[in-house]
Amino acid sequence: MRVLVVGSGGREHALAWACARHPSAPEILCAPGNAGTAGIATNVPISVTDGASIARLARESGADLVVIGPDAALAAGVADACRAAGVAVFGPSAAAARIEWSKTHAKQLMDRAGVPTARWRSGDRETRSRLFDFVLELDGRCVVKADGLAAGKGVVVCDSRDEALSALAACFTERRFGDAGDVVVVEERLRGPEMSAFAICDGGRFQLLAPARDYKRAHDFDHGPNTGGMGAYAPAAADPPLMDGIAERVIRPTLAALADAGTPFVGCLYAGLMLTAGGPRVLEFNARFGDPETQAVVPLAGDGLLDLLLAAARGDLPAAPGGPAAPPARAAVVVVTAAHGYPLEPRTGDHISGLDGLDAGTLCFHAGTARDERGRLVTAGGRVLGITGLGPDLASARRRAYENVQRIHFSGGWFRSDIAMSPVEVRW
Ligand code: AMP
Ligand code: GLY
């Protein structure tokens, strides 16, 4: 068996690692991969958005499955290009992935499907007065979201009318988010802990993986700028009624609405949820695995992850209830080490040491790493490594992650200290 993983982050290293553990010992290719994937796979230097080259590589190498990591690849139609070349792909078409890159589209779909989400309105420069009216109706307690992809920065959570109106002005007048802010969604501000659910989907059926929580802000206790994510833990909740509710009220109707619209979803549907007093509400959908969440979720999924991805890609998931899988017997915590200057101006080229001192059983997923001309491991991006500790419960997984992350050294390297410190307590 041969698997091609598209992407170069910690998420893709974790996916390649999980696929490689399959009992059939498959050969793994990564496009383009990183210094970590080079240890378990053959890296091929192709851009993640170059669908034609990725499809050619998949066909010529005889890949049985292409697994696509980044949203940029999905939006560029890489899954479509591979499918057109007759290769099995885990990753949605560009049309189905639109659920991630247009918030208005996602909201319309949720309303059609009856999926619980915050009340909302959408508008552009011409129709902005209806957004102002909605801000007043909510008395400023709202969230202003650029419709398009804005590198995680296009969401402003507001407490007052003034804050909300200046967030609207930032989109329409200052054009702070460029074209991504030409259309804006204003929604009701919800309260509650957040959690992310991951459904492996075959176009109609699905299987939930362990839910996770990630930490998007740079510094402890949610201070500092937004990042791609500085750590995560899983399971974030193992409460069967909660997971049943997410499966039946969120994932199943969303997949049905996507199929009805002629854009069946094959891949990982990621629901960002808020657990409000009135039950779970969807904040956003992503059309891919989360990063770094995947580095905690995938190690809990066992050696059968590749079978699940293959079945999804072939439209062949078991017809049995879509989810949830049994709660995992273990817990996982990933702590991300970041480069000096991340997220604003990450420095590259710092020599990394300490990887050989990690405990057996603790996982180290590479993200922004490379080899320099002398073959030494150096930093090559903002998020450098993810260290995943595993244990029978979250506390021990957390302890292992932190004991090990402290053995890694590179100049200016840093990490958050509070990952999984106060896990979501869910009681229904
Ligand atoms: P999004 O990109 O839509 O997931 O939003 C980014 C972050 O903004 C979320 O992780 C939440 O912390 C916050 N957020 C988004 N929508 C809402 C909402 N309706 N109410 C409260 N917070 C929200
Ligand atoms: N960690 C957040 C994301 O992958 O979107």
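Residues numbered from 1 in each chain as written. Chains lettered and ligands numbered in written order. Predicted model: local features only at pLDDT ≥ 70, side-chain atom pairs only at ≥ 80, totals over all residues. Heavy atoms only, no water.

Peer 1: When you look at the site of ligand 1 in this model, what are you seeing that I'm missing?
Peer 2: Surveying the vicinity of ligand 1 reveals 15 residues, the closest of which are Lys145, Glu187, Glu188, Leu190 and Glu194. Measuring from a nitrogen atom of ligand 1, one finds a backbone N or O atom of Leu190 at 2.8 Å. In the model, an oxygen atom of ligand 1 is placed 2.5 Å from a nitrogen or oxygen of the Glu194 side chain. Considered on its own, ligand 1 offers 470 Å² of accessible surface; in the complex 84% of this is hidden by protein. Sorting the residues of the shell around ligand 1 by element identifies β7 (142-146), β8 (155-157), β9 (183-188) and β17 (279-286) as the ones contributing at least two each. (Near = heavy atom within 4 Å. Polar contact = N/O pair within 3.5 Å; in protein donor to acceptor, adjacent residues only side chain to side chain. Areas by Shrake-Rupley, 256 points an atom, 1.4 Å probe, with all protein chains shown as cover. Helix = DSSP H or I, 4+ residues; strand = E, 2+ residues; numbered from the N terminus.)

Peer 1: It is not clear to me how the environment of Ala18 should be interpreted in this structure. Could you clarify?
Peer 2: The residue Ala18 is located in helix α1 (residues 10-20) in this model. Taking the relative accessible area as the measure of exposure, Ala18 reaches 2% and is therefore buried. C-alpha separation for the pair Ala18 and Val157, spaced 139 residues apart in sequence, amounts to 36 Å. Ignoring any residue separated from it by four or fewer positions in sequence, one finds Ala18 in contact with Val298 and Leu305. (Buried < 20%, exposed > 50% of the residue type's maximum accessible area, 1.4 Å probe, protein only. Contact = heavy atoms within 4.5 Å.)

Peer 1: Sorry if this is basic, but what is going on with the sheet that holds strand β11 (residues 206-208) here?
Peer 2: Whether parallel or antiparallel, the strands of a sheet pair through hydrogen bonds between backbone atoms. The strand order β11-β10-β16-β17 describes an open sheet built from four strands, whose pairing is antiparallel. Edge positions in the sheet fall to β11 and β17, since each of these pairs with one other strand and no more. Here the strands of the sheet are splayed against their neighbours by 30 degrees on average, with no regard to which way each runs. Note: strand β10 (residues 194-202) against strand β16 (residues 266-276), nine bridges, orientation antiparallel. From the neighbouring strand, Ile200 faces β16, where its bridge partner is Cys268. Along the sheet, helix α9 (residues 240-260) makes contact with β10, β11, β16 and β17, crossing β16 at roughly 130 degrees. Against the sheet, helix α11 (residues 305-313) makes contact with β10, β11 and β16, and its axis sits at roughly 60 degrees relative to β10, the strand it touches most. (Pairing = 2+ DSSP bridges. Axes fitted to C-alpha atoms, helices over the stretch in contact; angles between N-to-C directions.)

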